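Below are the chains, spelled out letter by letter.
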Amino acid sequence: MSSLNTSLAAALTGLMAEQGALEATSNNVANVNTPGYSRQVPELVTRDPIVEDQLTFGTGVSLARIESIRDPILESQIQQETQTQGQLDALVSALSETETNFTSTTGDVGTAISNFFNAVNQLSTSPADLSLRQNVLTSAGNLAGAFNLASSRLSSQRTNLGTSVQQAVAQINQLTSHIARLNQQISSIQNVGDNPGTFIDQRTQLIDQLSSLIDVSVIPTDNTITLTTSNGTALVCGQQSFDLSTALDSTGVQRIFSQGSDITSSIVSGQVGGLLEARDRQIPDVQSRLDALASALATQINKVQAAGFDLSGNPGTNLFNAPSASGAAASVAVAITNPSLLAASSDGTPGNNGNVEALYALRNQAIVNGETPTEYYSNLVFNIGSASADAKADQSASNLVLQRLNDQRASVSGVSLDEEAANMMRYQQAYAASAQVISAINSMMQTVINMKNS
């Protein structure tokens, strides 16, 4: 009778173990389309046998654990590439906006430069004509306005990028707080020996989202993880998260702080890294070159003006204010409003056009960085477009790499319905077999009981 009880107990373990395996398989099937879900695999192990004298009796099977299938190295590669993609996405968006501002309008600086010199050329045909002189002043005002507008757009874009940085930091703080709470739940579940697979999947998804925003390093520690930026700034340590903050510096630029330390310059990846790259390097470089053009053009035009004489025979005065190189595009403006003050003459006589010819000659002179004004501006626009094109090419390459890595993760951790159908049939058959064994043993035990009673 005791051997029948042992066999019954063994069959019962099979029944429970296969039921647990079926439940894991059913959960896999239910989550086949759940983003970030890692398929679960039941691990069945033989129970310790019972040894009596020279006989060994098996005690059945147990469901040791349900393991979620993951590849830590692959997860790390995905997070690294997600950081790169986030950085490139933000950079491409910013550069595309800058490119549009310099190429999509008819009142751009390049057009204004051409219109100004065309007006000067027309004045050379009749230097005393007030309407032609007024046309030069109007063109000069349009040129200054084009510089002002281009500079204003760059400044506005930088401000908007700073706002985006502030919003991204708020998202980072929400994610790190959620990850810290998940760390606590995962640790509690692991401490009692249960499977925290669902919470680990949720945490992995949040880390992926965090990686798209900022450069993240994942450091496993015991039953939890620590998250830092690439330079070691703590974001999450076990069950505690560390918020980032933003504040304006003396120039009105948003800076990022962690526990009182400015970490802005150390963030190079993720969306924030891309935003900072555009705000702190790409746009200031464009602004600096635009300022150089505005300053050189205004300075050289003023020099020619000073060398000539106005309609009254007086020495010429500045056509533009004299802006310093820094901020020249934003501040350049026409300094005179009376068209008779244009110094068209080189000898003081009203009909002389010697000086206005010298002014027109600036069009083809290398007055800024060894280039003519038109060449310099064309190269500026070309470099903006080239930087945008390079970033887009890198973005496409990163998208392909990330897609390949995600496909690999799906092949490792994803659910195959064909495989799960086969597993379900296998576990179902084993469950049915265990039930038949129990039924047979129950019948045998009933026979033994009847024999004793008779």
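Quick look at the structure, then. If you're wondering where the values come from, they're calculated on a predicted model, not measured in any experiment.

### Describing the overall build of the protein chain
When its secondary structure is counted, the protein chain shows 10 helices and 11 strands. Against the 2.2 N^0.38 benchmark of 22 Å for 454 residues, the protein chain shows a C-alpha radius of gyration of 38 Å, more extended than a compact globule. For the protein chain, the spread of C-alpha atoms along the principal axes amounts to about 145 × 45 × 30 Å. Across the 454 residues in the protein chain, those meeting the buried criterion constitute 42%.

### Regarding the side chain of Glu-81
The topology assignment puts Glu-81 in helix α2 (residues 72-103). Within the structure, Glu-81 has its side chain in polar contact with the side chain of Ser-398 (distance 2.8 Å). Residues contacting Glu-81, with those up to four places away along its chain left out, are Ser-398, Val-401, Leu-402 and Leu-405.

### Comments concerning the pattern of salt bridges
Enumeration over the complete set of coordinates arrives at 10 salt bridges. Arg-409 is the partner of Glu-75 in a salt bridge, and the nearest nitrogen-oxygen pair spans 2.7 Å. In this pair, Glu-75 sits in helix α2 while Arg-409 sits in helix α9 (residues 373-413), placing the two residues 334 residues apart along the sequence. Given a relative accessible area of 10%, Glu-75 falls into the buried group. For Arg-409, the salt bridge identified is with Asp-208, shortest N-O distance 3.2 Å. Taken together, the residues Arg-409 in helix α9 and Asp-208 in helix α5 (residues 197-211) connect sequence positions 201 residues apart. Asp-208 matches Arg-409 in its accessibility class, with the two residues each being buried.

### Structural notes on the pairing of strand β7 (residues 234-237)
Across 3 bridges, strand β6 (residues 224-228) lies against β7 in antiparallel orientation. For Thr-226, the partnering residue across the bridge sits in β7 and is Cys-237. Linking two consecutive strands that pair antiparallel, namely β6 and β7, is a turn of 5 residues; a positive phi of about 95° is found at Gly-232 within it. In the sheet, β7 pairs with strand β8 (residues 240-241) via 2 bridges, with the strands oriented antiparallel. Looking across to β8, one finds that Cys-237 is bridged to Gln-240. Here β7 hands over to β8 after 2 residues, with Gly-238 in that stretch at a positive phi of 65°.

### Topic: the sheet that holds β8
With antiparallel pairing, the 4 strands of this open sheet are ordered in space as β5-β6-β7-β8. Two strands bound the open sheet, and with one partner strand each, they are β5 (217-221) and β8. On the sheet, α5 packs against β5, β6 and β7 and is oriented at approximately 5° with respect to β6.

### Remarks on the sheet that holds strand β10 (residues 254-258)
Sheet strands pair by backbone hydrogen bonding; their relative direction is either parallel or antiparallel. The strand order across the open sheet formed by 3 strands is β9-β10-β11, and the pairing between neighbours is antiparallel. Whereas interior strands pair on both sides, the edge strands pair on one side only; in this sheet they are β9 (244-248) and β11 (261-262). Inspection of the sheet shows β9 paired to β10 by 5 bridges, in the antiparallel sense. If you follow Thr-246 over to β10, its bridge partner there is Ile-256.

### Things to note about the packing of aromatic side chains
Tallied over the full model, the rule gives 3 aromatic pairs. Both rings, one in Phe-102 and one in Tyr-377, keep their centres 6.4 Å apart while their planes meet at 35°; by these two values the pair is tilted. You can see Phe-102 sitting in helix α2 and its partner Tyr-377 sitting in helix α9, a full 275 residues away along the chain. When its relative accessible area of 4% is taken as the criterion, Phe-102 is described as buried. Classification of Tyr-377 as buried rests on a relative accessible area of 5%. Linked through ring pairs, Phe-116, Phe-117 and Phe-320 together constitute an aromatic cluster. Sitting above the plane of the Tyr-376 ring, Arg-289 keeps its charged end 5.6 Å from the centroid.

### A few points about the packing of helix α4 (residues 130-191) against helix α6 (residues 270-307)
At a minimum axis separation of 10 Å, α4 and α6 run at an interaxial angle of 165°. Classified by the angle their axes make, α4 and α6 are roughly antiparallel. Read as a crossing pair, α4 and α6 show a hand that is left-handed. Here the residues of the contact of α4 with α6 sort into 19 nonpolar, 7 polar and 3 charged.

### Considerations on the packing of α2 against α9
Their axes nearest at 8 Å, the elements α2 and α9 cross at an angle of 155°. With respect to α9, the element α2 is oriented roughly antiparallel. Read as a crossing pair, α2 and α9 show a hand that is left-handed. A per-class count over the contact of α2 with α9 returns 16 nonpolar, 14 polar and 7 charged.

### Side note on the nonpolar core
Judged by nonpolar contacts, the single largest core of 80 residues is most densely connected at Phe-102, Phe-116 and Phe-147. Each residue touching Phe-102, except ones within four places of it in the same chain, is listed here: Asp-108, Ala-150, Leu-154, Val-286, Leu-290, Tyr-377, Leu-380, Val-381 and Ile-384.

Each value, and the rule that gives it
- Residues numbered from 1 in each chain as written.
- Predicted model: local features only at pLDDT ≥ 70, side-chain atom pairs only at ≥ 80, totals over all residues.
- Heavy atoms only, no water.
- Helix = DSSP H or I, 4+ residues; strand = E, 2+ residues; numbered from the N terminus.
- Rg over C-alpha atoms; globule rule 2.2 N^0.38 Å.
- Buried < 20%, exposed > 50% of the residue type's maximum accessible area, 1.4 Å probe, protein only.
- Polar contact = N/O pair within 3.5 Å; in protein donor to acceptor, adjacent residues only side chain to side chain.
- Contact = heavy atoms within 4.5 Å.
- Salt bridge = Lys/Arg side-chain N within 4 Å of Asp/Glu carboxyl O.
- Pairing = 2+ DSSP bridges.
- Axes fitted to C-alpha atoms, helices over the stretch in contact; angles between N-to-C directions.
- Phe/Tyr/Trp six-rings, centres within 6.5 Å; stacked < 30°, edge-to-face > 60°.
- Lys NZ or Arg CZ within 6 Å of the ring centre and 35° of its normal.
- Parallel < 35°, antiparallel > 145°, perpendicular 65-115°, else oblique.
- Left-handed = near helix turned anticlockwise from the far one by under 90°.
- Nonpolar A, V, L, I, M, F, W, Y, C, P; charged D, E, K, R; others polar.
- Core = buried A, V, L, I, M, F, W, Y, C linked by side-chain atoms within 4.5 Å.

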